[in-house]
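# Observations on chain architecture
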Amino acid sequence: MSLASQMLEFFRRKAKVILGGGEKAIEKQVAMGKLTARERITTLLDQESFHEYDLFVEHKCSDFNMDKKQLPADGVITGTGKIAGFPVCIFAQDFTVAGGSLGLAHARKITKIMDHAMKLGLPLIGINDSGGARIQEGVNSLAGYGEIFYRNTQASGVIPQISVILGPCAGGAVYSPALTDFVFVVDKISKMFITGPEVIKTVLGEEISMEDLGGARVQTEITGNAHFFAHSEEECFEQIKRLVTFIPWNNRKRPDPFPAKPPKPEFDVEKVIPVNPRQPYDVRTLIRSICDDSDFLEIQEHWAANIVIGFARLNGETVGIVGNQPLVLAGVLDVDSSDKAARFIRFCDAFSIPLITLVDLPGYLPGVDQEHAGVIRHGAKILYAYSEATVPKVTVILRKAYGGGYIAMCSRHLGADFVFAWPTAEIAVMGPEGAANIIFRNEIATADDPDAMRQSKVQEYTEKFANPYIAAANGHVDAVIGPHETREFLIHSIEISRDKQENRPQKKHGIPPF
Ligand code: HXC
């Protein structure tokens with residue numbers, strides 16, 4: 001071993017860097033079913049690709065006997081590496097060192113790697129496992145969080161930001177993941193909350209476990225704060241590896257194309273939609289029947305399932321897909337599904353990913369609950385996001401496209417570049433039953449047989465409006481196409497839109513209905 005290598009070994013041992021918080025703390029970490037911070041990085045990244053920086057950074061705090069405490073790497077490991085050959089910047093908090101708590105030096109390591117990621121145009125991956133602000137460092141740890149949030153916001157739309165929650169992520173700390181694009185959680189390991197069980201007990205007198213308050217299932221099924229759920233850390237890392245192949249490194253690049261592949265033969269596009277127009281179907285089967293290799297990466301699968309979002313490829317190119325899900329609440333738009341779709345649309349637009357919209361919905365969900373939950377404000381987000389997006393936008397109306405739902409789901413009027421409709425499409429202000437009851441109210445009420453009159457008026461309305469041809473005759477639909485033509489029409493539309501340019505009025509920024 002050369003003198004330089006011997007000296008490096010000496011300093012590494014002195015800093016106890018490799019062992020983190022020591023054997024005992026690591027044993028506790030392992031007993032919780034968790035990998036160590038270093039194991040996480042090496043499992044996620046390509047073999048031998050990790051380059052670590054700021055190994056020897058130390059905190060400067062002397063309060064509460066902190067000057068006697070050596071905190072290896074100050075509880076966070078930072079560096080660069082590769083995932084499936086794609087370069088990334090990464091940090092992983094080390095819970096074995098003072099609970100992964102965030103002091104000023106710890107925060108500065110994170111903000112430094114964030115600055116690198118932004119300058120180099122690389123995705124940022126943050127592995128969170130921390131007790132939050134380092135209590136002994138007081139306002140300095142709060143300052144550290146503020147500097148991270150500021151950079152999360154600056155980086156938004158410039159580089160993809162991925163948060164992985166592999167332990168507690170408590171207090172204000174959760175706002176960093178909340179500002180990032182994709183949040184990954186693992187069953188029984190991830191815990192995210194603003195105020196913990198003890199505070200809730202003190203203030204509200206209620207007992208609740210950390211798991212029930214903000215565990216992985218809560219965050220993926222109830223709140224929608226997390227985008228991907230895994231049963232183990234290893235499964236979570238596989239999900240991240242897959243996501244990274246669909247998205248670009250930064251907003252100046254396009255995602256790398258893959259070799260084109262046809263959909264798998266078991267997904268037959270002609271057989272997805274049932275003959276009976278009232279019968280639901282799984283829009284994900286339809287997506288798989290048109291995309292390359294039937295490979296669809298669904299995002300937020302377990303929340304607001306009445307809308308489906310995710311990435312797929314068409315002829316090798318990444319596309320973002322938004323589709324109403326007739327299996328759940330007939331695919332209506334509501335508060336949560338509008339939020340879910342709007343954020344995804346903005347991600348795709350920021351990173352030059354064309355948008356495909358698959359439409360089959362009876363409209364916005366009616367009801368007092370929705371009105372009081374702010375369906376007007378939330379529902380407006382999807383209108384805003386589609387109207388604002390300048391990436392290629394292609395819409396296919398499959399079946400129902402009623403009322404506000406027709407407009408909101410990337411209609412021509414919100415700037416869709418191409419709108420196609422299947423012959424089964426029904427484009428109208430509302431469903432035939434509701435429409436007939438309103439516009440033929442008097443005829444139905446005064447008829448000898450009101451039911452028969454209602455049926456005949458429903459039939460009349462259906463024949464007039466519940467088809468795609470009036471919309472096509474008015475140019476709102478560009479072509480009526482068969483299911484078997486859909487993939488080819490989509491591929492062609494995306495291919496000829498590669499150099500699409502659409503100018504917007506000069507402004508500092510718009511004011512979306514946040
Ligand atoms: C300093 C901390 C710490 C913290 C944990 N530790 N959290 N040290 N500051 N915030 C230390 C513990 O003292 C302990 O040190 C070691 O980390 C492991 O912690 P344990 O409690 O033994 O682990 P566990 O039982 O698994 O419990 C984990 C925990 C708990 C649930 C996260 O530690 C906890 O409740 N911590 C405090 C959480 C919190 O309230 N954070 C502040 C939130 S406010 P030793 O030396 O004994 O091994 C906040 C504001 C940010 O973050 C605002 C930004 C806008």
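This write-up is about the structure you can find in this document.

What counts as what
One numbering rule holds for all chains: residues counted from 1, following each sequence as written. At least 70 in pLDDT is required for a residue's local features to be given in this predicted model, at least 80 for side-chain atom pairs to be given and counted, and no such filter applies to totals for whole chains, interfaces and linings, which use all residues. For the side-chain quantities, the full set of heavy atoms in the structure was used; hydrogens and water were omitted. Put simply, DSSP H or I for four residues or longer makes a helix, DSSP E for two residues or longer makes a strand, and each gets a number counted from the N terminus. Only C-alpha atoms enter the radius of gyration; for comparison, a globular chain is expected to reach 2.2 Å times N to the power 0.38, where N is the number of residues. Burial classes follow relative accessibility: with a 1.4 Å probe on protein chains only, a residue under 20% of its type's maximum area counts as buried, one over 50% as exposed, and anything between as partly exposed. Note on definitions: a residue-residue contact is assigned when non-hydrogen atoms from the two residues lie within 4.5 Å. Working definition of accessibility: Shrake-Rupley area with a 1.4 Å probe, residue cover restricted to the visible protein chains. Charge convention: Lys and Arg are scored as positive, Asp and Glu as negative, and His as well as the terminal groups of each chain are ignored. A single reference atom marks each charge: NZ on Lys, CZ on Arg, CG on Asp, CD on Glu. Stacked, edge-to-face and tilted labels apply to pairs of Phe, Tyr and Trp rings (six-membered ring for Trp) whose centres lie within 6.5 Å, assigned for plane angles under 30 degrees, over 60, and everything in between, in that order. By definition here, charges over rings are those cases where NZ of Lys or CZ of Arg is within 6 Å of the ring centre and within 35 degrees of the ring normal. Paired strands are those between which DSSP finds at least two bridges. We call a residue near a given molecule or strand whenever any one of its heavy atoms falls within 4 Å of it. N or O atoms within 3.5 Å of each other form a polar contact, as long as, within protein, one can give a hydrogen and the other can take it, and as long as residues adjacent in sequence are counted only when both atoms are side-chain atoms. Three classes are used, and their members are as follows: Ala, Val, Leu, Ile, Met, Phe, Trp, Tyr, Cys and Pro are nonpolar, Asp, Glu, Lys and Arg are charged, and the others, Gly among them, are polar. Criterion for a disulfide: a pair of cysteine sulfur atoms at a distance within 2.5 Å. Each axis is a line fitted through C-alpha atoms, taken for helices only over the stretch in contact, and angles between the N-to-C directions span 0 to 180 degrees. For classification, angles of less than 35 degrees are called roughly parallel, those exceeding 145 degrees roughly antiparallel, those between 65 and 115 degrees roughly perpendicular, and all remaining angles oblique. Crossing handedness is defined as follows: a turn of the near helix away from the far one that is anticlockwise and smaller than a right angle gives a left-handed crossing, while the clockwise case is right-handed. In plain words, nonpolar cores are sets of buried Ala, Val, Leu, Ile, Met, Phe, Trp, Tyr and Cys residues tied together by side-chain atoms within 4.5 Å. Only residues whose relative accessible area exceeds 30% and that form no salt bridge enter a patch; like-charged residues are grouped when within 9 Å of one another, and nonpolar side chains (Val, Leu, Ile, Met, Phe, Trp, Tyr) when within 5 Å. Only one rule defines a salt bridge in this text: a Lys or Arg side-chain nitrogen within 4 Å of an Asp or Glu carboxyl oxygen. Arc definition: directions from the helix axis to the C-beta atoms.

On to the overall build of the protein, then. Looking only at helices and strands, the protein has 20 helices and 16 strands in total. Compactness check: the protein gives a C-alpha radius of gyration of 26 Å against a globular reference of 24 Å for 514 residues, within 12% of the reference. Each principal axis of the C-alpha atoms in the protein carries an extent, and together these give about 95 × 55 × 50 Å. Buried residues in the protein amount to 52% of all 514 residues. A sequence separation of at least 24 residues applies to 72% of the contacts in the protein between residues at least 6 apart. Total accessible area on the protein is roughly 23900 Å²; 56% of this is exposed by carbon and sulfur atoms. Charged side chains of the protein number 54 positive and 63 negative; the gap between the two group centres comes to 6 Å.

Another aspect to go through is the packing of aromatic side chains. The geometry of an aromatic ring pair comes down to the distance between the two centres and the angle between the two planes. For the structure on display, the rule yields 11 aromatic pairs. With 4.5 Å between their ring centres and 10° between their planes, F184 and F228 make a pair best called stacked. Of this pair, F184 sits in strand 6 (residues 182-186) while F228 sits in strand 8 (residues 228-230), placing them 44 residues apart in sequence. Note on F184: relative accessible area 0%, which makes it buried. The class for F228 is buried, based on a relative accessible area of 5%. Geometrically, the ring pair formed by F418 and F420 is stacked, given 6.2 Å between the ring centres and 15° between the ring planes. Here a set of aromatic residues connected by ring pairs shows up, and it is made of F182, F184, F228, F246, F311, F344, F347 and F351. In this arrangement the basic side chain of K34 is found over the ring face of F95, its NZ or CZ atom lying 4.6 Å from the centre. The ring of F258 carries the charged tip of R313 above its face, separated from the ring centre by 3.6 Å.

What follows covers the pairing of strand 2 (residues 76-83). Judged by how many residues are buried, strand 2 sits mostly within the fold: seven of eight residues are covered. Of the pairings in the sheet, the one linking strand 1 (residues 51-53) to strand 2 comprises three bridges and is antiparallel in character. Bridge assignment links E52 to a residue of strand 2, and that residue is G79. Two strands pair when backbone bridges link them, and strand 2 and strand 3 (residues 86-93) are joined in this way by eight bridges, in the antiparallel orientation. From the neighbouring strand, K82 faces strand 3, where its bridge partner is P87. The antiparallel hairpin formed by strand 2 and strand 3 contains two residues in its connecting segment, where A84 sits at a positive phi of about 50°.

Once that is clear, we can look at the site of the ligand. Neighbouring the ligand are 18 residues; K28, G99, G131, A133 and I135 lie closest to it. The contact in question runs from a nitrogen atom of the ligand to an N or O atom on the backbone of A133, over 2.9 Å. Contact between the ligand and I135: a nitrogen atom at 3.1 Å from a main-chain N or O atom of the residue. For the ligand, the protein covers 54% of the area, taking 1000 Å² as the surface of the free molecule. Breaking the shell around the ligand down by element, the ones donating at least two residues are helix 5 (139-155) and strand 5 (161-170). Of all the elements, helix 5 adds the most residues to the shell around the ligand, at three residues. Each residue belonging to the shell around the ligand can be placed in one class, and the counts come to 10 nonpolar, six polar and two charged.

The next subject is the state of the cysteines. The term disulfide refers to a covalent linkage connecting the sulfur atoms of a pair of cysteines. Taken as a whole and judged by the stated rule, the model has zero disulfides. Cysteine C169 is unpaired, with the sulfur of C236 as its nearest cysteine sulfur at 13 Å. Not engaged in a disulfide, the cysteine C410 finds its nearest cysteine sulfur in C348; these two sulfurs lie 11 Å apart. Under the relative-accessibility criterion, C410 is labelled buried at 0%.

In this section: the packing of helix 12 (residues 335-350) against helix 14 (residues 375-388). As a packed pair, helix 12 and helix 14 sit with axes 8 Å apart at the nearest point and diverge in direction by 20°. The orientation of helix 12 with respect to helix 14, classified from their angle, is roughly parallel. The crossing of helix 12 and helix 14 is left-handed. Of helix 14, the residues touching helix 12 (which contributes V335, S338, D339, A341, A342, I345, R346 and D349) are V375, H378, G379, K381, I382, A385, Y386 and E388. Here the residues of the contact of helix 12 with helix 14 are counted per class, giving eight nonpolar, three polar and five charged.

In terms of nonpolar packing, the biggest core is built from 66 residues, with I240, F311, V322 and I397 touching the most fellow members. Judged by nonpolar contacts, the second largest core, of 27 residues, contains V269, V283, L314 and V394.

Looking now at a nonpolar patch on the surface. A grouping of V429, M430, I438 and I439 is seen on the molecular surface, where their side chains present a nonpolar patch of about 370 Å² in accessible area. The residue I438 is located in helix 16 (residues 432-439) in this model.

If you check which residues of helix 20 (residues 486-496) are buried, you get T486, R487, L490, I491, S493 and I494. All buried residues of helix 20 project into a common sector of 165° when viewed along the axis, lining one side. What points out from helix 20, more than 90 degrees from its buried face, is the exposed set E495 and I496. Packing partners of the buried residues in helix 20 comprise helix 11 (283-290), strand 10 (307-314), strand 11 (317-324), strand 12 (355-361), strand 13 (393-402) and strand 14 (418-421).

A few words on the pattern of salt bridges. Tallied over the entire structure, the rule returns 32 salt bridges. A salt bridge links R40 to E233, with the shortest nitrogen-to-oxygen separation between them at 2.8 Å. Taken together, the residues R40 in helix 3 (residues 37-44) and E233 in helix 10 (residues 233-246) connect sequence positions 193 residues apart. By the burial criterion, R40 is buried, and E233 matches it. Here R217 makes a salt bridge to D187, at a shortest N to O gap of 3.8 Å. Of this pair, R217 sits in helix 9 (residues 216-222) while D187 sits in the loop between strand 6 and strand 7 (191-193); the two residues are 30 residues apart in sequence, bridging distant segments of the chain. A single network of salt bridges, built from pairs that share partners, joins K34, R40, D129 and E233.

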